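# Residue-level structural notes
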Amino acid sequence: MLEGVKHVIVILSGKGGVGKSTISCQLALCLKAQGFKVGILDVDLCGPSIPYLLGLEGQSIHQCSQGWVPVYPNEDQNLAVMSIGFLLQSRDDPVVWRGPKKNAMIKQFLADVFWGDLDYLLIDTPPGTSDEHITVMENIRQVHCDGAILVTTPQAVAVGDVRREATFCKKAGIPILGVIENMSGFTCPHCKECTNIFSMDGGKQLAKIAQVPFLGSVPINPEISGKEGGSIGFVDAFQSSSLFPIIHSISCKLTQSAPSKSDTV
Ligand SMILES: Nc1ncnc2c1ncn2[C@@H]1O[C@H](COP(=O)(O)OP(=O)(O)OP(=O)(O)O)[C@@H](O)[C@H]1O
Ligand code: SF4
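All figures in this text were calculated on a predicted structure; none of them were measured in a lab. (Residues numbered from 1 in each chain as written. Chains lettered and ligands numbered in written order. Predicted model: local features only at pLDDT ≥ 70, side-chain atom pairs only at ≥ 80, totals over all residues.)

### As for the UniProt feature "binding site: [4Fe-4S] cluster" (unreviewed entry) in the protein chain
Worth spelling out the cut-off: UniProt positions are given in the numbering used here, feature names are shortened, and annotations may be inferred rather than shown by experiment. Working definition: helices are DSSP H or I runs of at least four residues, strands are E runs of at least two. Numbering for both runs from the N terminus. To assign burial, the other C-beta atoms lying within 10 Å of each residue's own C-beta are counted, with C-beta atoms placed from the backbone; 20 or more indicates buried, 12 or fewer indicates exposed, and intermediate counts indicate partly exposed. Here, residues touch in the contact sense if the C-beta positions derived from the backbone fall within 7 Å of one another.
Taking the UniProt record as the reference, the feature "binding site: [4Fe-4S] cluster" (unreviewed entry) is found at Cys188 and Cys191. Locating cysteine 188 in the fold gives a position in the loop between strand S8 (176-187) and strand S9 (194-195). Judged by the 10 C-beta atoms lying within 10 Å of it, cysteine 188 falls in the exposed class. Cysteine 188 has contacts with Glu193 and Thr195, leaving out every residue within four places of it along the chain. Within the element layout of this structure, cysteine 191 appears in the loop between S8 and S9.

Here it is in C-alpha coordinates:
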(Lines give C-alpha, C1' and ligand atoms only; values in the text may rest on other atoms or scores of the structure.)
(Ligands and ions follow the chains in the order given, each with its own letter.)
Protein backbone atom coordinates (compact mmCIF):
# COMPACT_ATOMS: atom_id res chain seq x y z
CA MET A 1 0.00 0.00 0.00
CA LEU A 2 2.98 2.33 0.44
CA GLU A 3 4.19 1.52 -3.08
CA GLY A 4 2.94 4.83 -4.47
CA VAL A 5 4.38 6.85 -1.55
CA LYS A 6 7.64 8.58 -2.44
CA HIS A 7 8.73 9.83 0.98
CA VAL A 8 7.84 8.61 4.47
CA ILE A 9 8.71 10.83 7.46
CA VAL A 10 8.07 9.87 11.10
CA ILE A 11 7.42 12.67 13.61
CA LEU A 12 8.68 11.84 17.10
CA SER A 13 8.95 13.47 20.49
CA GLY A 14 10.20 12.09 23.76
CA LYS A 15 7.64 14.04 25.77
CA GLY A 16 3.90 14.60 25.44
CA GLY A 17 2.30 17.93 24.63
CA VAL A 18 5.31 19.50 22.88
CA GLY A 19 3.25 20.13 19.73
CA LYS A 20 4.11 17.08 17.64
CA SER A 21 0.62 16.72 16.16
CA THR A 22 0.39 20.48 15.58
CA ILE A 23 3.75 20.48 13.77
CA SER A 24 2.74 17.37 11.75
CA CYS A 25 -0.41 19.13 10.50
CA GLN A 26 1.44 22.38 9.81
CA LEU A 27 4.19 20.60 7.88
CA ALA A 28 1.56 18.72 5.86
CA LEU A 29 -0.20 22.00 5.01
CA CYS A 30 3.09 23.64 3.98
CA LEU A 31 4.14 20.66 1.85
CA LYS A 32 0.71 20.83 0.20
CA ALA A 33 1.23 24.56 -0.39
CA GLN A 34 4.51 23.65 -2.13
CA GLY A 35 2.44 21.58 -4.57
CA PHE A 36 2.99 18.12 -3.08
CA LYS A 37 0.41 15.42 -2.45
CA VAL A 38 0.56 14.68 1.26
CA GLY A 39 -0.82 12.08 3.66
CA ILE A 40 -0.94 12.16 7.46
CA LEU A 41 -1.11 8.88 9.39
CA ASP A 42 -1.96 9.36 13.07
CA VAL A 43 -0.77 6.31 15.00
CA ASP A 44 -1.20 7.94 18.40
CA LEU A 45 -3.74 5.29 19.35
CA CYS A 46 -4.34 6.60 22.87
CA GLY A 47 -4.55 10.29 22.00
CA PRO A 48 -5.40 10.74 18.32
CA SER A 49 -5.59 14.52 17.90
CA ILE A 50 -5.18 14.97 14.13
CA PRO A 51 -8.95 14.74 13.32
CA TYR A 52 -9.61 17.31 16.06
CA LEU A 53 -6.89 19.69 14.84
CA LEU A 54 -8.05 19.52 11.22
CA GLY A 55 -11.74 19.82 12.13
CA LEU A 56 -12.45 16.30 10.82
CA GLU A 57 -14.11 14.85 13.89
CA GLY A 58 -17.17 12.76 13.11
CA GLN A 59 -15.83 11.78 9.67
CA SER A 60 -15.82 8.06 9.03
CA ILE A 61 -13.59 5.95 6.88
CA HIS A 62 -14.87 3.34 4.50
CA GLN A 63 -13.38 0.46 2.56
CA CYS A 64 -12.95 0.08 -1.15
CA SER A 65 -11.70 -2.98 -3.00
CA GLN A 66 -8.09 -1.78 -2.50
CA GLY A 67 -8.33 -1.12 1.25
CA TRP A 68 -9.33 1.61 3.70
CA VAL A 69 -9.93 4.97 2.05
CA PRO A 70 -8.42 7.92 3.95
CA VAL A 71 -10.37 11.09 4.68
CA TYR A 72 -9.77 13.97 2.24
CA PRO A 73 -10.63 17.29 3.99
CA ASN A 74 -12.98 19.36 1.77
CA GLU A 75 -12.53 16.64 -0.86
CA ASP A 76 -9.06 18.02 -1.56
CA GLN A 77 -7.23 15.07 -3.12
CA ASN A 78 -3.87 16.60 -2.17
CA LEU A 79 -4.31 15.93 1.55
CA ALA A 80 -5.20 12.45 2.82
CA VAL A 81 -5.71 11.77 6.53
CA MET A 82 -5.96 8.48 8.44
CA SER A 83 -6.36 8.24 12.20
CA ILE A 84 -7.76 5.82 14.73
CA GLY A 85 -9.84 8.81 15.79
CA PHE A 86 -12.08 8.10 12.78
CA LEU A 87 -12.88 4.68 14.22
CA LEU A 88 -13.95 6.02 17.62
CA GLN A 89 -17.54 7.00 18.32
CA SER A 90 -16.47 10.04 20.31
CA ARG A 91 -13.27 11.92 21.15
CA ASP A 92 -13.81 10.94 24.79
CA ASP A 93 -13.79 7.20 24.03
CA PRO A 94 -10.61 5.69 25.48
CA VAL A 95 -8.60 3.13 23.54
CA VAL A 96 -7.80 0.59 26.25
CA TRP A 97 -5.77 -1.95 24.35
CA ARG A 98 -2.81 -4.04 25.29
CA GLY A 99 0.40 -4.03 23.24
CA PRO A 100 -0.40 -6.86 20.77
CA LYS A 101 -3.75 -5.32 19.78
CA LYS A 102 -2.15 -1.89 19.33
CA ASN A 103 0.60 -3.42 17.22
CA ALA A 104 -1.94 -5.26 15.06
CA MET A 105 -3.85 -2.02 14.47
CA ILE A 106 -0.70 -0.12 13.49
CA LYS A 107 0.35 -2.91 11.13
CA GLN A 108 -3.12 -2.75 9.60
CA PHE A 109 -2.82 1.04 9.25
CA LEU A 110 0.50 0.64 7.48
CA ALA A 111 -0.64 -2.25 5.30
CA ASP A 112 -4.30 -1.65 4.51
CA VAL A 113 -4.77 2.07 3.84
CA PHE A 114 -5.13 2.85 0.17
CA TRP A 115 -3.04 6.03 -0.09
CA GLY A 116 -2.69 5.98 -3.87
CA ASP A 117 0.14 8.19 -5.13
CA LEU A 118 1.61 10.46 -2.46
CA ASP A 119 4.71 12.62 -2.43
CA TYR A 120 4.95 12.66 1.37
CA LEU A 121 3.45 10.55 4.13
CA LEU A 122 3.92 12.05 7.61
CA ILE A 123 3.45 9.59 10.48
CA ASP A 124 2.46 11.25 13.77
CA THR A 125 3.44 8.96 16.65
CA PRO A 126 2.63 8.98 20.37
CA PRO A 127 5.21 10.50 22.73
CA GLY A 128 8.06 8.30 23.97
CA THR A 129 9.51 5.07 22.68
CA SER A 130 6.69 2.61 23.20
CA ASP A 131 5.44 -0.54 21.45
CA GLU A 132 3.79 1.66 18.82
CA HIS A 133 7.15 3.16 17.83
CA ILE A 134 8.87 -0.19 17.58
CA THR A 135 6.04 -1.53 15.39
CA VAL A 136 6.12 1.55 13.14
CA MET A 137 9.90 1.49 12.83
CA GLU A 138 10.07 -2.25 12.11
CA ASN A 139 7.40 -2.07 9.42
CA ILE A 140 8.50 1.21 7.89
CA ARG A 141 12.11 0.11 7.64
CA GLN A 142 11.04 -2.77 5.41
CA VAL A 143 9.30 -0.40 3.02
CA HIS A 144 11.14 2.89 2.83
CA CYS A 145 11.56 5.70 5.33
CA ASP A 146 13.37 8.96 4.72
CA GLY A 147 13.81 9.41 8.44
CA ALA A 148 12.46 10.99 11.60
CA ILE A 149 11.90 14.56 12.73
CA LEU A 150 12.33 15.12 16.46
CA VAL A 151 10.12 17.78 18.04
CA THR A 152 11.17 19.30 21.33
CA THR A 153 10.59 22.35 23.47
CA PRO A 154 13.49 24.42 24.82
CA GLN A 155 13.32 23.13 28.41
CA ALA A 156 16.00 20.78 29.67
CA VAL A 157 13.53 17.98 30.55
CA ALA A 158 11.97 17.89 27.08
CA VAL A 159 15.40 17.98 25.51
CA GLY A 160 16.54 15.06 27.68
CA ASP A 161 13.51 13.04 26.58
CA VAL A 162 14.20 13.72 22.93
CA ARG A 163 17.82 12.73 23.42
CA ARG A 164 16.49 9.25 24.31
CA GLU A 165 14.38 9.38 21.16
CA ALA A 166 17.49 10.14 19.12
CA THR A 167 19.23 7.11 20.62
CA PHE A 168 16.14 5.03 19.81
CA CYS A 169 16.28 6.13 16.14
CA LYS A 170 19.94 5.25 15.93
CA LYS A 171 19.26 1.78 17.39
CA ALA A 172 16.27 1.31 15.06
CA GLY A 173 18.41 2.31 12.08
CA ILE A 174 16.16 5.27 11.15
CA PRO A 175 18.06 8.41 10.09
CA ILE A 176 17.20 11.66 11.87
CA LEU A 177 16.28 14.39 9.41
CA GLY A 178 16.52 17.06 12.06
CA VAL A 179 15.19 18.71 15.20
CA ILE A 180 12.40 21.29 15.46
CA GLU A 181 12.21 23.40 18.62
CA ASN A 182 8.57 24.26 19.23
CA MET A 183 7.20 26.78 21.76
CA SER A 184 10.50 28.56 21.37
CA GLY A 185 9.73 31.91 22.98
CA PHE A 186 6.50 33.88 22.87
CA THR A 187 6.00 36.63 20.34
CA CYS A 188 3.77 39.31 21.83
CA PRO A 189 0.92 40.06 19.42
CA HIS A 190 1.00 43.72 20.51
CA CYS A 191 4.63 44.80 20.29
CA LYS A 192 5.99 41.71 18.45
CA GLU A 193 8.72 41.44 21.11
CA CYS A 194 9.85 37.82 21.57
CA THR A 195 10.17 36.72 25.19
CA ASN A 196 12.00 33.49 25.96
CA ILE A 197 9.69 32.03 28.57
CA PHE A 198 11.78 28.89 28.92
CA SER A 199 15.52 28.48 28.68
CA MET A 200 16.88 29.06 25.20
CA ASP A 201 18.19 26.91 22.37
CA GLY A 202 17.60 23.42 23.83
CA GLY A 203 16.72 22.15 20.34
CA LYS A 204 19.89 23.60 18.86
CA GLN A 205 21.95 22.01 21.60
CA LEU A 206 20.26 18.66 21.06
CA ALA A 207 20.87 18.84 17.32
CA LYS A 208 24.53 19.62 17.99
CA ILE A 209 24.92 16.75 20.46
CA ALA A 210 23.11 14.28 18.19
CA GLN A 211 25.01 15.68 15.16
CA VAL A 212 21.82 16.14 13.17
CA PRO A 213 20.47 19.24 11.37
CA PHE A 214 18.57 21.87 13.33
CA LEU A 215 15.49 22.57 11.22
CA GLY A 216 14.14 25.64 13.01
CA SER A 217 12.52 27.33 16.01
CA VAL A 218 8.75 27.78 16.16
CA PRO A 219 7.50 30.36 18.68
CA ILE A 220 4.31 30.09 20.71
CA ASN A 221 1.62 31.84 18.76
CA PRO A 222 -1.70 32.44 20.55
CA GLU A 223 -3.39 32.86 17.15
CA ILE A 224 -3.24 29.11 16.51
CA SER A 225 -3.64 27.83 20.05
CA GLY A 226 -7.17 26.75 20.90
CA LYS A 227 -8.33 27.12 17.28
CA GLU A 228 -8.70 23.36 16.89
CA GLY A 229 -12.19 22.62 15.68
CA GLY A 230 -13.18 26.25 16.46
CA SER A 231 -15.21 28.62 14.31
CA ILE A 232 -12.15 30.12 12.54
CA GLY A 233 -10.51 26.72 12.42
CA PHE A 234 -6.92 25.66 12.90
CA VAL A 235 -6.08 25.49 9.18
CA ASP A 236 -7.20 29.06 8.39
CA ALA A 237 -5.68 30.43 11.62
CA PHE A 238 -2.34 28.77 10.83
CA GLN A 239 -2.25 29.82 7.19
CA SER A 240 -2.77 33.49 8.10
CA SER A 241 -0.41 33.41 11.11
CA SER A 242 3.27 34.33 11.42
CA LEU A 243 4.00 30.60 11.92
CA PHE A 244 3.21 29.77 8.29
CA PRO A 245 6.44 31.24 6.79
CA ILE A 246 8.48 29.64 9.58
CA ILE A 247 7.08 26.14 8.99
CA HIS A 248 7.17 26.72 5.24
CA SER A 249 10.92 27.34 5.39
CA ILE A 250 11.29 24.09 7.38
CA SER A 251 9.26 22.13 4.81
CA CYS A 252 11.44 23.65 2.05
CA LYS A 253 14.56 22.40 3.88
CA LEU A 254 13.00 18.93 4.03
CA THR A 255 12.09 18.79 0.38
CA GLN A 256 15.56 19.93 -0.59
CA SER A 257 17.26 17.32 1.57
CA ALA A 258 14.92 14.33 1.17
CA PRO A 259 16.40 11.66 -1.09
CA SER A 260 14.00 10.35 -3.71
CA LYS A 261 12.82 6.76 -3.56
CA SER A 262 14.83 5.84 -6.59
CA ASP A 263 17.99 7.34 -5.00
CA THR A 264 17.74 5.06 -2.01
CA VAL A 265 16.77 1.74 -3.60
N1 LIG B 1 3.72 26.95 18.47
C2 LIG B 1 2.59 26.89 19.14
N3 LIG B 1 1.92 28.02 19.50
C4 LIG B 1 0.77 27.95 20.20
N5 LIG B 1 0.19 26.80 20.61
C6 LIG B 1 0.79 25.64 20.29
C7 LIG B 1 2.02 25.61 19.53
N8 LIG B 1 2.37 24.31 19.37
C9 LIG B 1 1.41 23.57 19.97
N10 LIG B 1 0.47 24.35 20.53
C11 LIG B 1 -0.70 23.94 21.32
O12 LIG B 1 -0.23 23.02 22.33
C13 LIG B 1 -1.19 21.98 22.54
C14 LIG B 1 -0.49 20.62 22.42
O15 LIG B 1 -0.10 20.43 21.06
P16 LIG B 1 -0.15 19.00 20.35
O17 LIG B 1 -1.44 18.28 20.63
O18 LIG B 1 0.25 19.21 18.95
O19 LIG B 1 1.03 18.26 21.14
P20 LIG B 1 1.51 16.73 21.03
O21 LIG B 1 2.97 16.74 21.30
O22 LIG B 1 1.08 16.13 19.73
O23 LIG B 1 0.69 16.07 22.19
P24 LIG B 1 0.50 14.51 22.54
O25 LIG B 1 1.57 14.21 23.51
O26 LIG B 1 -0.87 14.46 23.13
O27 LIG B 1 0.62 13.72 21.27
C28 LIG B 1 -2.30 22.20 21.53
O29 LIG B 1 -3.37 22.84 22.18
C30 LIG B 1 -1.70 23.14 20.49
O31 LIG B 1 -2.65 24.03 19.94
S1 SF4 C 1 5.69 42.25 25.38
FE2 SF4 C 1 5.31 44.44 25.44
S3 SF4 C 1 3.32 44.77 24.47
FE4 SF4 C 1 3.56 42.60 24.86
S5 SF4 C 1 2.47 42.31 26.77
FE6 SF4 C 1 4.65 42.60 27.26
S7 SF4 C 1 4.87 44.78 27.59
FE8 SF4 C 1 2.90 44.48 26.59
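There's plenty left to go through after this.
### As for unusual backbone geometry
Most peptide bonds take the trans configuration, and most residues that are not glycine carry a negative phi. The backbone phi angle of asparagine 74 is positive, close to 50°, even though this residue is not glycine. Relative to the assigned elements, asparagine 74 resides in the loop between strand S4 (67-69) and strand S5 (79-83). Under the C-beta neighbour-count criterion, asparagine 74 is labelled exposed, with 8 such atoms within 10 Å. The residue glutamate 75 is not glycine, and still its phi comes out positive at about 55°.

### Overview of helix H6 (residues 202-210)
Since the α-helix turns once every 3.6 residues, residues separated by three or four places project in the same direction. Test applied: The directions considered for the arc are those from the helix axis to the C-beta atoms.
For H6, every residue scored as buried is listed here: Gly202, Gly203, Leu206, Ala207 and Ala210. Looking straight down H6, one finds its buried side chains confined to an arc of 135°; they lie on one side. Within H6, the exposed residues directed more than 90 degrees away from the buried face are Lys208 and Ile209. Immediately downstream of H6, the backbone of glutamine 211 shows phi near 55°, a positive value.

### Section: the site of ligand 1
What counts, and what does not: As used in this record, a residue near a molecule or strand is one whose C-beta atom, placed from the backbone, is within 6 Å of it.
As a matter of local geometry, ligand 1 sits amid 19 residues, with Gly16, Gly19, Ser21, Thr22 and Ser225 nearest to it. For the shell around ligand 1, the secondary structure elements donating two or more residues are helix H1 (20-33), S8 and strand S10 (214-220). Of the residues forming the shell around ligand 1, the biggest block, three residues, is contributed by H1.

### Remarks on the environment of valine 218
Within the secondary structure, valine 218 is located in strand S10. The class for valine 218 is buried, based on 23 C-beta atoms found within 10 Å. In sequence terms valine 218 and leucine 243 are 25 residues apart; their C-alpha atoms lie 7.0 Å from each other. The contacts of valine 218, once residues within four sequence positions are left out, are Ile180, Glu181, Asn182, Ser184, Leu243, Ile246 and Ile247.

### Looking at the pairing of strand S6 (residues 118-124)
As a general feature of sheets, a regular strand has side chains that alternate between the two faces. Rules: Pairing between two strands is assigned when DSSP locates at least 2 bridges connecting them.
Most of S6 is tucked away, with seven of its seven residues classed as buried. As paired elements, strand S1 (residues 5-12) and S6 share six bridges and run parallel to each other. In the sheet register, valine 5 faces S6, and the bridge partner there is leucine 118. Summarising the sheet, strand S2 (residues 38-42) and S6 pair through five bridges and their orientation is parallel. For valine 38, the partnering residue across the bridge sits in S6 and is tyrosine 120.

### Considering the UniProt feature "binding site: ATP" (unreviewed entry) in the protein chain
Using the residue numbers shown here, the UniProt feature "binding site: ATP" (unreviewed entry) corresponds to Gly14, Lys15, Gly16, Gly17, Val18, Gly19, Lys20 and Ser21. Take valine 18: it is sitting in the loop between S1 and H1. Position of lysine 20 among the secondary structure elements: in helix H1. The residues contacting lysine 20, other than those within four sequence positions of it, are Ile11, Ser13, Asp124 and Val151.

### Examining the environment of glutamine 108
Within the fold, glutamine 108 resides in helix H3 (residues 99-112). C-alpha of glutamine 108 to C-alpha of leucine 215: the two residues are 107 residues apart in sequence and 31 Å apart in space.

### Examining the nonpolar core
Short version of the rule: Any set of buried Ala, Val, Leu, Ile, Met, Phe, Trp, Tyr and Cys residues joined through C-beta atoms within 7 Å is what this text calls a nonpolar core.
One finds Val10 and Leu122 to be the most contacted residues of the largest nonpolar core, which totals 72 residues. The leading source of residues in this core is H1, at seven residues. In this structure, leucine 122 is in contact with Ile9, Ile11, Ser24, Leu27, Ala28, Val38 and Ile40, ignoring residues within four places of it in sequence.

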